[in-house]
Amino acid sequence: MYPEGEALVLTTLQGATGFSSTNTSRGKWGALLNSGLSDHYGILKPGSFSRSQSAMSANESIFQTVIQVWQRYVDDGDSLTNLEGHVKNVINRFDAYPQLGDTTGTIIETMITDGREAEEQWTKDGALVWLKQDLIVTWREHDIINYSES
């Protein structure tokens with residue numbers, strides 16, 4: 001189900017060039033963005049999902065995980081170029097791991113299916129501090145159902 005798959009998404013992200021366990025997290029924005037450990041970060045949050053019965057004793061689920069790629073803003077041009085480079089590295093990594101390294105055979109396929117428009121993140125007093133782009137990872141899994149009813 002979702003938590004196990006999201007953990008595999010995080011592990012795959014941590015293997016992308018420029019990313020590791022020190023600049024990635026599952027839903028920890030403040031602690032990570034304010035840590036000063038890096039000038040860029042990858043933060044996961046749950047996206048949408050759908051489920052259907054694919055056979056009498058199996059379900060198919062399609063989950064989405066949002067990877068927010070953050071780049072600290074330093075100057076015009078270079079900061080955006082750096083963000084674009086990090087996004088490319090993440091996409092390349094996920095293209096190389098279409099099953100997220102799943103060893104159970106549950107995850108059938110994975111792909112970054114969408115990239116949202118890059119956004120500027122401003123402080124309350126109007127200072128530009130971050131650039132952020134959301135990438136949508138869509139992954140499909142197949143689960144065997146153990147019925148409790150007869």
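Anyway, here's the lowdown on the structure attached to this text. (Residues numbered from 1 in each chain as written. Predicted model: local features only at pLDDT ≥ 70, side-chain atom pairs only at ≥ 80, totals over all residues. Heavy atoms only, no water.)

### Considering the overall build of the protein
Moving on, step 1. Tallying secondary structure elements over the protein gives three helices and six strands in all.
Moving on, step 2. In the protein, the succession of helices and strands from N to C terminus is α-β-α-β-β-α-β-β-β.
Moving on, step 3. Taking the principal axes of the C-alpha coordinates as reference, the protein spans close to 65 × 30 × 25 Å.
Moving on, step 4. Within the protein, the fraction of its 150 residues that count as buried is 38%.
Moving on, step 5. Within the protein, counting contacts between residues at least 6 apart in sequence, those at least 24 apart form 59% of the total.
Moving on, step 6. Carbon and sulfur atoms provide 51% of the accessible area of the protein, an area that totals close to 8400 Å².
Moving on, step 7. One way to put it: in the protein the 11 positive side-chain charges average out to a point 4 Å from where the 20 negative ones average out. (Helix = DSSP H or I, 4+ residues; strand = E, 2+ residues; numbered from the N terminus. Buried < 20%, exposed > 50% of the residue type's maximum accessible area, 1.4 Å probe, protein only. Contact = heavy atoms within 4.5 Å. Areas by Shrake-Rupley, 256 points an atom, 1.4 Å probe, with all protein chains shown as cover. Lys, Arg positive; Asp, Glu negative; His and termini not counted. Charge placed at Lys NZ, Arg CZ, Asp CG, Glu CD.)

### Comments concerning the packing of aromatic side chains
For any pair of aromatic rings, the description rests on two quantities: the centre-to-centre distance and the angle between the ring planes.
Moving on, step 1. In this structure the tally under the stated criterion is six aromatic pairs.
Moving on, step 2. A ring pair is formed by Trp70 and Trp130, whose centres lie 5.9 Å apart and whose planes are at 90°; its orientation type is edge-to-face. One end of the pair, Trp70, is in strand β3 (residues 58–72); the other, Trp130, is in strand β6 (residues 128–144), and 60 residues separate them in sequence. Comparing Trp70 with Trp130, the two get one shared label, buried.
Moving on, step 3. Following the ring pairs from residue to residue traces out a cluster consisting of Tyr2, Phe49, Phe63 and Trp139.
Moving on, step 4. Here Lys132 stacks its cationic end above the ring of Trp70, 5.8 Å away from the centre of that ring. (Phe/Tyr/Trp six-rings, centres within 6.5 Å; stacked < 30°, edge-to-face > 60°. Lys NZ or Arg CZ within 6 Å of the ring centre and 35° of its normal.)

### A look at unusual backbone geometry
Note on backbone geometry: most residues besides glycine have negative phi, and most peptide bonds are trans.
Moving on, step 1. A positive phi angle, close to 55°, is found at Leu100, a residue other than glycine.
Moving on, step 2. By the element assignment, Leu100 lies in the loop between α3 (78–96) and β4 (107–115).

### Considerations on the nonpolar core
Moving on, step 1. Residues Val9, Ile67, Val90, Phe94 and Trp139 are the most contacted members of the largest nonpolar core, which totals 22 residues.
Moving on, step 2. Listing elements by their share of this core, those giving two or more residues are α1 (2–14), β3, α3, β4 and β6.
Moving on, step 3. Of the residues forming this core, the biggest block, five residues, is contributed by β6.
Moving on, step 4. Leave out the neighbours within four places in its chain, and Val90 touches Leu13, Ala16, Phe19, Ile67, Ile112 and Leu135.
Moving on, step 5. Within the second largest apolar cluster, six residues are counted, among which are Leu33, Tyr41, Ile43 and Trp130. (Core = buried A, V, L, I, M, F, W, Y, C linked by side-chain atoms within 4.5 Å.)

### Looking at α3
Moving on, step 1. The terminal C-alpha atoms of α3, which comprises 19 residues, lie 27 Å apart, in line with the 27 Å expected from a rise of 1.5 Å per residue.
Moving on, step 2. Taken as a whole, α3 has its buried residues at Ser79, Leu83, His86, Val87, Val90 and Phe94. Viewed end-on, α3 has its buried residues packed into an arc of 100°, placing them on one side of the element. Opposite the packed face of α3, turned more than 90 degrees from it, sit the exposed residues Lys88 and Ala96. (Expected span 1.5 Å × (residues − 1). Arc of directions from axis to C-beta.)

### Thoughts on α1
Moving on, step 1. The terminal C-alpha atoms of α1, which comprises 13 residues, lie 18 Å apart, in line with the 18 Å expected from a rise of 1.5 Å per residue.
Moving on, step 2. Where α1 is concerned, the buried positions are Tyr2, Gly5, Glu6, Val9, Leu10, Thr12 and Leu13. End-on view of α1: buried residues confined to an arc of 165°, all on one side of the axis.

### What about the pattern of salt bridges?
Moving on, step 1. The tally for this structure, following the rule as stated, stands at six salt bridges.
Moving on, step 2. Of the charged contacts, one joins Glu109 and Arg140 as a salt bridge, the two residues approaching to 2.9 Å between their closest N and O atoms. Here Arg140 lies in strand β6 and Glu109 lies in strand β4, a separation of 31 residues in the sequence.
Moving on, step 3. The exposure class assigned to Glu109 is partly exposed, which follows from its relative accessible area of 42%.
Moving on, step 4. One salt bridge in this structure joins Asp134 and Lys132, with 3.1 Å as the shortest N-O distance. Assigned by exposure class, Asp134 and Lys132 land together as buried.
Moving on, step 5. Overlapping salt bridges, with partners in common, bring together Glu60, Glu109 and Arg140 in one network. (Salt bridge = Lys/Arg side-chain N within 4 Å of Asp/Glu carboxyl O.)

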